Amino acid sequence: MTDRRATRHRATRQEILSAAWDLARRDGLGGWSLRDLATAVGMRAPSLYVYFDSKNAVYDALFADGYAALLERIDAVPHEEADLRRAAHLFFDFCVEEPARHALLFLRTVPGFEPSADSYRLAQEALARLTRLLAGSGATKRAQVDLWTALCTGLATQQISNDPGGRRWARLVDRAVDMYEATQLS
């Protein structure tokens, strides 16, 4: 009986997170309330507290979910095929396909939200994998990693902000990688 209850609890929690992503896509990260979220999953707002103790707890679960998705995407690339160009496109595509996820993970747009230590560990793991990839390409200094993250995040942010659904900044990814390699790895 306890296993079934735990399974139902996990399934309902996942349904709530899925609905929260839907609301974030439609209304923006801050444009929905717990009442809206409860309505979206067919429950009353107080019932959400069985699954999440606050809206920030929902954001934290979304943050972890987003980074888990990024790590899953990274893991899908065969190690021997990992290179800077592929990594840049993977990250860019990941960001622009879900602008709300991009905003939550990389822009810190929710006032007062700080990811929990457990959720933040997923972000640190993504950065650690990126750092290993960059080191394998010759970028071993912290400033080289910082420049890479600023370059890739900046391109994705420009695409989302200024040409949603278009290709204006997507067309610059390869040129940006070439420029990075020429100035940082030579």
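Refer to the structure printed above.
Worth saying up front: this structure is predicted, and the values here are computed from it rather than measured.

**Some thoughts on the pattern of salt bridges**
Working step 1: Using the criterion set out here, one finds 13 salt bridges in the structure.
Working step 2: Taking the shortest distance from any N to any O, the salt bridge between Arg-25 and Asp-22 comes out at 2.6 Å. In this pair, Arg-25 and Asp-22 are both assigned in helix 1 (residues 2–27), three residues apart and thus about one turn of the helix distant.
Working step 3: Judged by relative accessible area, Arg-25 falls into the partly exposed class, the value being 43%.
Working step 4: Measuring nitrogen to oxygen at the nearest pair gives 3.5 Å for the salt bridge that ties Glu-125 to Arg-132.

**Here we look at the environment of Pro-99**
Working step 1: Turning to its location among the elements, Pro-99 is positioned in helix 6 (residues 99–107).
Working step 2: Separated by 62 residues in the primary sequence, Pro-99 and Leu-37 have C-alpha atoms spaced 19 Å apart.

**With respect to helix 5 (residues 84–97)**
Working step 1: Across its 14 residues, helix 5 extends 20 Å between first and last C-alpha, which sits within 8% of the 20 Å expected from 1.5 Å per residue.
Working step 2: By the burial criterion, the buried members of helix 5 are Leu-84, Ala-87, Ala-88, Leu-90, Phe-91, Phe-92, Phe-94 and Cys-95.
Working step 3: On the buried face of helix 5, the contacting elements are helix 4 (55–75), helix 6, helix 7 (117–136), helix 8 (142–162) and helix 9 (173–184).

**A short note on the packing of aromatic side chains**
Working step 1: For the structure on display, the rule yields seven aromatic pairs.
Working step 2: Residues Phe-63 and Tyr-67 carry aromatic rings whose centres are separated by 5.1 Å and whose planes lie at 55° to one another, so their mutual orientation is tilted. Within this pair, Phe-63 and its partner Tyr-67 are both found in helix 4, separated by four residues, close to a single helical turn.
Working step 3: Lying across the ring of Trp-32, Lys-55 places its NZ or CZ 4.5 Å from the centre.
Working step 4: Between the NZ or CZ atom of Arg-101 and the centre of the ring of Phe-94, over which it lies, the distance is 3.6 Å.

**Some thoughts on the side chain of Ser-119**
Working step 1: Tracing the chain through its elements places Ser-119 in helix 7.
Working step 2: Exposure remark for Ser-119: the relative accessible area of 4% places this residue in the buried category.
Working step 3: Once you skip the residues sitting within four places of it in the chain, Ser-119 turns out to touch Asp-60, Phe-63 and Ala-64.

**What about the nonpolar core?**
Working step 1: Ranked by internal contacts, the top residues of the largest apolar core, which has 36 residues, are Trp-32, Leu-37, Val-58, Tyr-59, Leu-62 and Leu-104.
Working step 2: Looking at which element gives the most residues to this core, the answer is helix 4, with eight residues.
Working step 3: Beyond its immediate sequence surroundings of up to four residues, Trp-32 is in contact with Ala-20, Leu-23, Ala-24, Asp-27, Leu-37, Lys-55, Val-58 and Tyr-59.
Working step 4: One finds Phe-92, Leu-130, Cys-152 and Val-173 within the second-largest nonpolar core, a separate group that totals 19 residues.

Each value, and the rule that gives it
Residues numbered from 1 in each chain as written. Predicted model: local features only at pLDDT ≥ 70, side-chain atom pairs only at ≥ 80, totals over all residues. Heavy atoms only, no water. Salt bridge = Lys/Arg side-chain N within 4 Å of Asp/Glu carboxyl O. Helix = DSSP H or I, 4+ residues; strand = E, 2+ residues; numbered from the N terminus. Buried < 20%, exposed > 50% of the residue type's maximum accessible area, 1.4 Å probe, protein only. Expected span 1.5 Å × (residues − 1). Contact = heavy atoms within 4.5 Å. Phe/Tyr/Trp six-rings, centres within 6.5 Å; stacked < 30°, edge-to-face > 60°. Lys NZ or Arg CZ within 6 Å of the ring centre and 35° of its normal. Core = buried A, V, L, I, M, F, W, Y, C linked by side-chain atoms within 4.5 Å.

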